[in-house]
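# Coordinate analysis (summary)
The primary structure of each chain is shown beneath.
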Amino acid sequence: MAEVPSARMFVPCEPVWQMLVRAAGHTVQYSACVLGRGGECQPDDTFGRVFPSAAPGHVVSVGEREDWRGYLTAFHAHRPGVTERVFARLESDPYEWVTAPLRELGSGLVVDLACGSAPTRPWLRECRWVGVDGSAEELAAAAVAGRGPLVRARADALPVTTGAVGAVCAVMALPLLTPLPVVLDEIRRVLRPGGPLVALVPARLGLDPRGLFAWLRALRAAGVAAPRWPNPRAREHLGGVLGRAGFEVLDSERRVFSFPLESPEDAALLLQSLYDPARPPSRPTDPHVAATVAESVRALPMPLRRVVARPQARVPSHVVSP
Ligand SMILES: C[S@@+](CC[C@H](N)C(=O)[O-])C[C@H]1O[C@@H](n2cnc3c(N)ncnc32)[C@H](O)[C@@H]1O
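An account of the accompanying structure is given in this report. Given the structure is predicted, the values throughout are model-derived calculations rather than measurements.

## Focus on the site of the ligand
Near the ligand lie 20 residues; those nearest to it are Thr83, Ala114, Gly116, Gly134 and Ser135. For the shell around the ligand, the elements supplying multiple residues, two or more each, are α2 (67-78) and α3 (82-88). Residue composition of the shell around the ligand, grouped by class: 10 nonpolar, six polar and four charged.

This is the structure in structure tokens:
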């Protein structure tokens, strides 16, 4: 993984409120500063998000936008199928939910973008389906489970003919696929007219103080920061992001699932699934930490949002391909 530069470099451009927050004993975690542009720090959506810290008062990490690619490659190489294993512990199956609009589709080809271990495949058995992912290890896990056909490719350069695809599904993928504008361009390019994009993303907790408290307790017990994503707006404001990229949102629904923390194994699985570029993905979870987390809370809410969209017939003039 690329070495993370020192946080001190950013102090001159740090807004005052962040300094105040740090003074109050929280961690400021810079996740997506662009370095080296004439000494400027260019904040984007994730700049200066605040997390409760296991070590109050410390700036724990700074990541360049470019760090994410290497981090995600290493993460999924070490933990193939981890998303599927986490979802398998929920009380109902999010893959059944996200694939429901696709099961109604006629004969078109479904591309599962960033398919990972291909957990949508069993729900789309009757469909023409192809899974695309950039990780050899994730695709190997899919193949071992007898799922296919599979293609190893990057989401920003799909080896698919223009207009050849009936639907695209992207499960737990848009908040991490970079560069997102190019990926969304690719999705619009490969979809046939009227073909839907069905996306599932982690949603906000919303007004759920108990849920928030449970997450804070679990993260504090684990000594880790809140999970982060390269494209946080594609998580919290997916409708707006898609609208600006030339999509029309047809449906947007939020559901809250519950992840049971009944054992240290549950806690270890959850911790393994969280993106945290400050920790090398090769590092195994400490069993004592997992046990402490499992003792701290019984269950954690897992809010998810399913969005169904389709490319607008006329792309607005402000949508510019990079
Ligand atoms: C959170 S996992 C979700 C996997 C699967 N959709 C699921 O629900 O289990 C994200 C997946 O995106 C893949 N990925 C990340 N960046 C990618 C890229 N630029 N192109 C293709 N796949 C990518 C990873 O290899 C990983 O399998």
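## Some remarks on the sheet that holds strand β11 (residues 299-311)
Hydrogen bonds along the backbone pair up the strands of a sheet, which may run parallel or antiparallel. The strand order across the open sheet formed by seven strands is β7-β6-β5-β8-β9-β11-β10, and the pairing between neighbours is mixed. If you trace the sheet from one side to the other, it starts and ends with β7 (150-152) and β10 (247-260), each paired once. Taken over all neighbouring pairs, the strand axes of this sheet differ in orientation by 20 degrees on average, direction set aside. Along the sheet, helix α5 (residues 136-144) contacts β6 (128-133) and β7; its crossing angle with β7, the most-contacted strand, is approximately 170 degrees.

## Let's talk about the nonpolar core
Membership of the largest hydrophobic core comes to 78 residues, with the highest contact counts inside it found for Val168, Cys169 and Ala170. Looking at which element gives the most residues to this core, the answer is β11, with six residues. Leaving out residues up to four positions away in the same chain, Ala170 has contacts with Leu113, Ala114, Leu197 and Ala199.

## Brief notes about the pairing of strand β8 (residues 167-171)
Across the five residues of β8, five count as buried, placing the element largely inside the fold. For strand β5 (residues 109-113) and β8, the ladder comprises three bridges, and the chain directions are parallel. The partner of Val110 across the bridge, within β8, is Ala167. Where β8 lies against strand β9 (residues 197-202), four bridges are found, and the strand directions are parallel. If you follow Ala170 over to β9, its bridge partner there is Ala199. Considered for its hand, the β-α-β crossover made up of β8, helix α6 (residues 180-190) and β9 is right-handed.

## Notes on the pairing of β9
Here β9 lies mainly inside the structure; five of its six residues are buried. Relative to β11, β9 runs antiparallel, the two being bridged by six bridges. Bridge pairing in β11 places Leu200 opposite Arg306.

Rules and cut-offs
Residues numbered from 1 in each chain as written. Predicted model: local features only at pLDDT ≥ 70, side-chain atom pairs only at ≥ 80, totals over all residues. Near = placed C-beta within 6 Å. Helix = DSSP H or I, 4+ residues; strand = E, 2+ residues; numbered from the N terminus. Nonpolar A, V, L, I, M, F, W, Y, C, P; charged D, E, K, R; others polar. Pairing = 2+ DSSP bridges. Axes fitted to C-alpha atoms, helices over the stretch in contact; angles between N-to-C directions. Contact = placed C-beta atoms within 7 Å. Core = buried A, V, L, I, M, F, W, Y, C linked by C-beta atoms within 7 Å. Buried ≥ 20, exposed ≤ 12 C-beta atoms within 10 Å, placed from the backbone. Right-handed = clockwise from strand over helix to strand, strands pointing away.

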